[in-house]
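Given next are the chains, with one letter for each unit.
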Amino acid sequence: MLFVFREIQIPLKSLRRSDARVVYKSALIGLKDLLKNNRNVALFLIAFSLISDGILTIQTYFALVMDAMYKIPDTQKYLVTIVMFIPMIIGNYTLGRVGDKIGHKPIMFWSCLVVSILMALVLLSSSVTVLYVLAAFLGIGWGGFYVASRALMVKISPKERLGEYFGFYSSFYRFASIVGPLVWGITTLSLKTYGVFKYQIAGFMIIALMAVGIYVLTKVREEANMEPKSV
C-alpha cells in the first residue's frame, strides 16, 4: 500500500526551517492556548487520558489477572483474547455508525461505563465461563470507546488545527501509559503478601481512575467547529 500511495508534494518555499527549541516552544504555546482558550477540548483530553489509563493498564496486566485469579493455561488465555477482539472489531464499526446518528459522546460515555462495570465483574468472578462472556462484551465496549473518542475529537477540534490537536491527543494517550501502571505497581507491591487480593485492589484502583475520567467526560460539550480565541 505504501508503494501505491502518492504523497501530495508541498512547494519547498512553503517549508520553514526550525530548530528543536522553536518546535518545543511552539508546542508549549499551543498547549497553553488549548488549556486557556479551548477548555472543552482540554476537558475531553483529560477525560480521555484517565479512561485510557484504565483500559491500557487492564490490557497490560490482563494475562496476569487470568493466571492468578482464573488459573487458566496460556492456550485459554489466547482464546479469551480472541473472544475479546472479534467483538471489538464489530463494535468499532457498529457503534461508529450509531455514533454518527445519535452523537459520539453518548457512545463514549456508555462504552466507558459498561467497561468499568465489566472490569469490576472480572475482578470479582472466578468462573472461566463467565470470563469468556465478560471478555466478549468488554471487546464491544473497548471498541466503542476508541472509535467514539477519535470521532468526538475530530468533531470538537478546530478544523484548521486538527493535526496539532491530534498531536495533543497522542501525547495524552502516551501519558496514560505511565500513570496507570504506576498505580498498579505501587498497589501490588504494597500488598505483595496478600495473594490474589492485591490484584483485585489494584484493579479497583484503576476503575476508580476511570470513574474520574467518566465524570470529567460528562462536562464535555459535543459541539462542532469550536474555534479557539487565539493561537
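The paragraphs below set out a description of the structure included in this document. (Residues numbered from 1 in each chain as written. Predicted model: local features only at pLDDT ≥ 70, side-chain atom pairs only at ≥ 80, totals over all residues. Heavy atoms only, no water.)

Turning next to a nonpolar patch on the surface. Taken together, L79, I82, I86, I89 and I90 make up a surface patch of nonpolar side chains, about 500 Å² in accessible area. Checked against the element boundaries, L79 lands in helix α3 (residues 74-102). (Patch = residues over 30% accessible without salt bridge, like charges linked within 9 Å, V, L, I, M, F, W, Y side chains within 5 Å. Areas by Shrake-Rupley, 256 points an atom, 1.4 Å probe, with all protein chains shown as cover. Salt bridge = Lys/Arg side-chain N within 4 Å of Asp/Glu carboxyl O. Helix = DSSP H or I, 4+ residues; strand = E, 2+ residues; numbered from the N terminus.)

According to the stated counting rule, one finds four salt bridges in the structure shown. Salt-bridge contacts for K77 lead to D74; the nearest nitrogen and oxygen are separated by 3.2 Å. Here K77 and its partner D74 are both found in helix α3, three residues apart, which amounts to about one turn of the helix. Here K77 falls in the buried class, since its relative accessible area comes to 11%. Accessibility expressed as a relative area gives 45% for D74, which makes it partly exposed. Linking E222 and K155 is a salt bridge whose minimum nitrogen-to-oxygen distance equals 3.2 Å. Here E222 is found in the segment after α7 (196-217), whereas its partner K155 is found in helix α5 (residues 128-156), with 67 residues between them in sequence. Relative accessible area serves as the criterion here: at 29%, K155 is assigned to the partly exposed category. Taken together, the shared-partner salt bridges in this structure form one network comprising D67, D74 and K77. (Buried < 20%, exposed > 50% of the residue type's maximum accessible area, 1.4 Å probe, protein only.)

Counting across every chain of the model gives ten aromatic pairs. Seen from their ring centres, F48 and F145 are 5.8 Å apart, and the 15° between their planes marks the pair as stacked. With F48 in helix α2 (residues 39-70) and F145 in helix α5, this residue pair connects regions lying 97 residues apart in the sequence. The pair F48 / F145 is uniform in exposure class, with both members buried. An aromatic cluster is defined as three or more aromatic residues linked by ring pairs; in this entry it consists of F44, F48, F145, Y146, F166 and Y169. (Phe/Tyr/Trp six-rings, centres within 6.5 Å; stacked < 30°, edge-to-face > 60°.)

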